[in-house]
Each structure stands twice: as C-alpha cells, then as structure tokens.
Amino acid sequence: AQSVTQLGSHVSVSEGALVLLRCNYSSSVPPYLFWYVQYPNQGLQLLLKYTTGATLVKGINGFEAEFKKSETSFHLTKPSAHMSDAAEYFCAVTFNAGKSTFGDGTTLTVKP
Amino acid sequence: EPEVTQTPSHQVTQMGQEVILRCVPISNHLYFYWYRQILGQKVEFLVSFYNNEISEKSEIFDDQFSVERPDGSNFTLKIRSTKLEDSAMYFCATQSGRGVNTDTQYFGPGTRLTVL
C-alpha cells in the first residue's frame, strides 16, 4: 500500500526566509509525486509534480522539489517566503497514475 | 485553460436525505475520481471511474455511495441517505490518461456538503 508522511503539521517562517516542507513516501514501485496548495475554502491547486526524468522539479510561485529515491523523499522548498504563500500544502503520491494518496497536510504561516 | 467544474458549491441537507453532487470533467478526459476532505483533515480517496465502471473504491465508499455518468459528460456522486459524518468537502478530479504525460489529476473547486 502506498503512503505519504508529511513531517510537521505546522511550519512558521518569516517573510523572506527559506520555506522547507517535508514529505516522505513509501512505495515498492516508482511513484508519481505531487505537491498541492490549498487556500482557505478553496480547492486544490497543483504546484508541481515528479513522474520521471529530472529529479529537481520546478513549479509555480517559485516552489521546487527534489525527488530523492534513496531517502524516499520529495521535500518542497522556496528560497524566499512571501505573505501570499500562507496556505495548506499537501503532498500526494500515485502509482501507475491511479488514485492519489495524500499526506496529512502542512499549514504554512508566514510572519511579517 | 480547461477546468473541472462542480455544482453546487455548497449543499445543506437533512440527515437521511439523498444528495447528488455533480462534476463536469475536462473534455476528453477518461478517468474520474471523487475525494473528500473532512474539515481540518486530509484529502481521502473515495472512488475512481473509467469506461463507465468503478475501477477502485475505498473503504469509505460503502453501499450508501454511488457514481455514474448519466449523460456521458456529467460525473455524479450520490449519497443515498446522508449521515452527519458525511459532512465534508467533496472534490472531483479528472485525468486524461495513464501515461507519463497524462498523469495529472485536475481537481474541481469542491462541493461543501453540510448534513444537519
């Protein structure tokens, strides 16, 4: 069975600081990995994804993530946080492009 | 850019009533999913649908739930007799294929279901 673990249900950073949101997965086959952002009372917006190829993927809003097979990780980073980045972030995994399994989510707070 | 749409945006119903949540997929997408998110919790898979039949369902998707594409376009989720614990945001997602370049699920804005 596939699973996703997001370390840290709440992350707080200062505006301009590095954002690091952690995601680890378990899998016996190559996964497809996704990060979504959810603003209050809104749907899920795809930030970026990894399927095959380059392990460092760039997404929207300056976010990027690196797939590390040896660590079974897909951490999300952004060099400089902006107030508008405050939201809930979900890591998700699929296998054979089927159903998505989501992590518990990480709430990002950005302090002025 | 094409989008997945869902109606209604908010549905309030009495316990025991039937509700139907509707989704209009992106044109030419072949794979359809329903997920739910109870307030403050993570997104959970309910069911996937392909070629007019359920391809996978979770333990949550019991006999009270059903899905169909009645007219070949809309994709619906029906809850026959709602319970208080069905209160959640329900997301539809659609996907064009299962290959490397067609692997992204596009999510609709969700329907917030409130059961009183």
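This text gives an overview of the structure that appears in the document. (Residues numbered from 1 in each chain as written. Chains lettered and ligands numbered in written order. Predicted model: local features only at pLDDT ≥ 70, side-chain atom pairs only at ≥ 80, totals over all residues. Heavy atoms only, no water.)

Of the regular secondary structure elements, chain A holds zero helices and twelve strands. Reading chain A from its N terminus to its C terminus gives the helix and strand order β-β-β-β-β-β-β-β-β-β-β-β. What you see for chain A is a C-alpha radius of gyration of 13 Å, in line with the 13 Å of a compact globule of 112 residues. The principal-axis extents of the C-alpha atoms in chain A amount to approximately 40 × 30 × 20 Å. Once local pairs closer than 6 in sequence are excluded, the contacts in chain A between residues at least 24 apart make up 56%. (Helix = DSSP H or I, 4+ residues; strand = E, 2+ residues; numbered from the N terminus. Rg over C-alpha atoms; globule rule 2.2 N^0.38 Å. Contact = heavy atoms within 4.5 Å.)

Right, let's get into the packing of aromatic side chains. Overall, the coordinates contain 18 aromatic pairs over all chains when judged by the stated rule. On the numbers, 5.3 Å between centres and 40° between planes, the contact of Phe49 of chain B with Phe75 of chain B is tilted. Taken as a pair, Phe49 of chain B in strand 5 (residues 43-50) and Phe75 of chain B in strand 8 (residues 75-79) lie far apart in primary sequence, 26 residues in all. There is no split in this pair, since Phe49 of chain B and Phe75 of chain B are both buried. A connected cluster of aromatic rings, assembled from ring pairs, spans Phe34, Tyr36, Phe90 and Phe102 of chain A together with Tyr33, Tyr35, Phe45, Phe91 and Phe107 of chain B. (Phe/Tyr/Trp six-rings, centres within 6.5 Å; stacked < 30°, edge-to-face > 60°. Buried < 20%, exposed > 50% of the residue type's maximum accessible area, 1.4 Å probe, protein only.)

Every contact between the two is made by 19 residues of chain B and, on the other side, 22 residues of chain A. Roughly 1700 Å² is buried in total at the junction of chain B and chain A, and carbon and sulfur atoms are behind 53% of that figure. On inspection of chain B and its partner chain A, the count reaches two salt bridges. Residue Lys42 of chain B pairs with Asp104 of chain A through a salt bridge whose shortest N-O separation is 3.6 Å. Where chain B packs against chain A, one counts five residue pairs in polar contact (both at pLDDT 80 or more). Secondary-structure elements contributing two or more residues to the side of chain B that touches chain A are strand 4 (31-37), strand 5 and strand 9 (88-95) of chain B. Here the side of chain B that touches chain A gets three residues from one element, more than from any other, and that element is strand 4 of chain B. (Buried area = accessible area lost by both parts, 1.4 Å probe. Salt bridge = Lys/Arg side-chain N within 4 Å of Asp/Glu carboxyl O. Polar contact = N/O pair within 3.5 Å; in protein donor to acceptor, adjacent residues only side chain to side chain.)

All names here are of chain A. Counting 27 residues, the largest nonpolar core has Trp35, Leu48, Phe74, Leu76 and Tyr89 as its most contacted members. Elements represented by at least two residues in this core include exactly strand 2 (10-14), strand 3 (19-21), strand 5 (32-38), strand 6 (45-50), strand 8 (64-68), strand 9 (73-78), strand 10 (87-94) and strand 12 (106-111). At four residues, the largest contribution of residues to this core is made by strand 10. If near-sequence neighbours (up to four positions away) are discounted, Tyr89 is found in contact with Gln6, Leu21, Trp35, Tyr36, Val37, Leu47, Phe63, Leu76, Gly105, Thr106 and Leu108. (Core = buried A, V, L, I, M, F, W, Y, C linked by side-chain atoms within 4.5 Å.)

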